Amino acid sequence: MSTGTYAPKPGAAPVGRMIAAQTVLETKMLLLNGEQLLLTVIIPSLLLVLFSTVDIVDTGADKAVDFLAPGVLALAVMSTAFTGQAIATGFERRYGVLKRLGASPLPRWALMTAKTLSVLVTEVLQVALLTAIALGLGWSPQGDPVSVLLLLVLGTAAFSGLGLLMAGTLRAEATLAAANLVFLLLLVGGGVIVPLDRFPDAARSVLELLPISALSDGLRDVLQGGAGMPWGQALTLAVWAVLGLGAAARFFRWE
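Calculation rules
- Residues numbered from 1 in each chain as written.
- Predicted model: local features only at pLDDT ≥ 70, side-chain atom pairs only at ≥ 80, totals over all residues.
- Heavy atoms only, no water.
- Axes fitted to C-alpha atoms, helices over the stretch in contact; angles between N-to-C directions.
- Helix = DSSP H or I, 4+ residues; strand = E, 2+ residues; numbered from the N terminus.
- Parallel < 35°, antiparallel > 145°, perpendicular 65-115°, else oblique.
- Contact = heavy atoms within 4.5 Å.
- Nonpolar A, V, L, I, M, F, W, Y, C, P; charged D, E, K, R; others polar.
- Phe/Tyr/Trp six-rings, centres within 6.5 Å; stacked < 30°, edge-to-face > 60°.
- Buried < 20%, exposed > 50% of the residue type's maximum accessible area, 1.4 Å probe, protein only.
- Expected span 1.5 Å × (residues − 1).
- Polar contact = N/O pair within 3.5 Å; in protein donor to acceptor, adjacent residues only side chain to side chain.
- 1 Å grid on protein atoms, 1.4 Å probe; cavity = no way out; pocket = protein on both sides within 12 Å on 5 of 7 lines; lining within 4 Å.
- Points joined across faces, edges and corners; volume = space filled by probe spheres on them.

Colleague: Mind laying out the packing of helix H3 (residues 64–94) against helix H7 (residues 172–189), listing which residues take part and the relevant values?
Modeller: At a minimum axis separation of 8 Å, H3 and H7 run at an interaxial angle of 170°. Viewed along their axes, H3 and H7 adopt a mutual orientation that is roughly antiparallel. Residues Leu 75, Met 78, Ser 79, Phe 82, Thr 83, Ala 86, Ile 87, Gly 90, Phe 91 and Arg 94 of H3 form the contact with H7, whose participating residues are Ala 172, Glu 173, Thr 175, Leu 176, Ala 179, Asn 180, Val 182, Phe 183, Leu 186 and Leu 187. Among the residues making up the contact of H3 with H7, the classes are represented as 13 nonpolar, five polar and two charged.

Right under this line is the structure:
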């Protein structure tokens, strides 16, 4: 019986397979991190339930959940694509993880692609959970699902760029503090829970330019008002995405 001939085949795996494996790893790490789960799942869910069932803020809608659900979906995108990604990537950079991965057969652009795909997978789970909760609270969504999907993708790109820019330029401790502070400020002033028309006109004109305001208002126009694609908000998100991703690519430091 012949033992056969075995020819070793050294070399890196195909890039697509490496990206898929890294995406799975990144997603597992995110879902197994208790602090990240608190930020990305528990807080948005509690806010949705609390403000939909208790008359705390006058949303001006027939049902509070109709106003709140789109805003909380926008908050979920921000919590994952910006806050969670900034903190995780910042500490990976501090501990040398990014430096070592950057020296591996996995290209740096492929690593960032895997991180982005991990964010998208997490957001799919977030949107499914929050939609189920909102429907249970009596939410009646309207509008075109394609418009909603495009807004979510643009919002993810905008927040990912800003999160990576922060993680790649600041110290990990500074990133942790700044990302959480920005999260809280945009939660209050981004039209998520409190309608922007409650703010003075001068402040409102500035707040409307923020990515969280553009995403929450755009989703609200579609899901609550049944409008078509809100091109003004989409353009705002696209500009933030280009600026954030471009700056992250230019200034990100791996060490």
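Colleague: So what's going on with the packing of aromatic side chains? Residues and values would help.
Modeller: A full pass over the atoms with the stated rule returns two aromatic pairs. Pairing Phe 91 with Tyr 95 gives two aromatic rings, centres 6.1 Å apart and planes at 35°, and the pair type is tilted. Taken together, a centroid distance of 5.4 Å and an interplanar angle of 65° make the contact between Phe 252 and Trp 254 edge-to-face. Residue Trp 254 is classed as buried on the basis of its relative accessible area, which comes to 14%.

Colleague: Which residues make up helix H5 (residues 108–136), and what values do they have?
Modeller: Relative to the 42 Å expected for 29 residues at 1.5 Å per residue, H5 spans 42 Å between its end C-alpha atoms, a close match to the ideal helical length. Where H5 is concerned, the buried positions are Ala 110, Leu 111, Met 112, Ala 114, Lys 115, Ser 118, Val 119, Thr 122, Glu 123, Gln 126, Leu 130 and Ala 134. Where H5 terminates, the next one or two residues include Gly 138, which has phi positive at roughly 100°.

Colleague: Provide a residue-level description of the environment of Glu 92, including the pertinent values.
Modeller: For Glu 92, the position within the fold is in helix H3. Those residues in contact with Glu 92 that sit more than four places away from it in its chain are Glu 26, Met 29, Val 97, Leu 98 and Lys 115. In terms of polar contacts, Glu 92 uses its side chain to reach the side chain of Lys 115, at 2.6 Å.

Colleague: So what's going on with the layout of surface pockets? Residues and values would help.
Modeller: When its volume is computed, the largest pocket comes out at roughly 490 Å³. As for the largest pocket, its lining consists of 22 residues, and the residues nearest its centre are Leu 30, Asn 33, Gln 36, Gly 84 and Ala 88. Looking at the lining of the largest pocket, the elements with two or more residues in it are helix H1 (15–31), helix H2 (34–53), H3, H5 and H7. Of the residues contributing to the lining of the largest pocket, the split by class is 10 nonpolar, eight polar and four charged. By volume, the second largest pocket amounts to about 260 Å³. What lines the second largest pocket is a set of 15 residues, among which Met 112, Leu 164, Leu 245, Ala 248 and Ala 249 lie closest to the centre.

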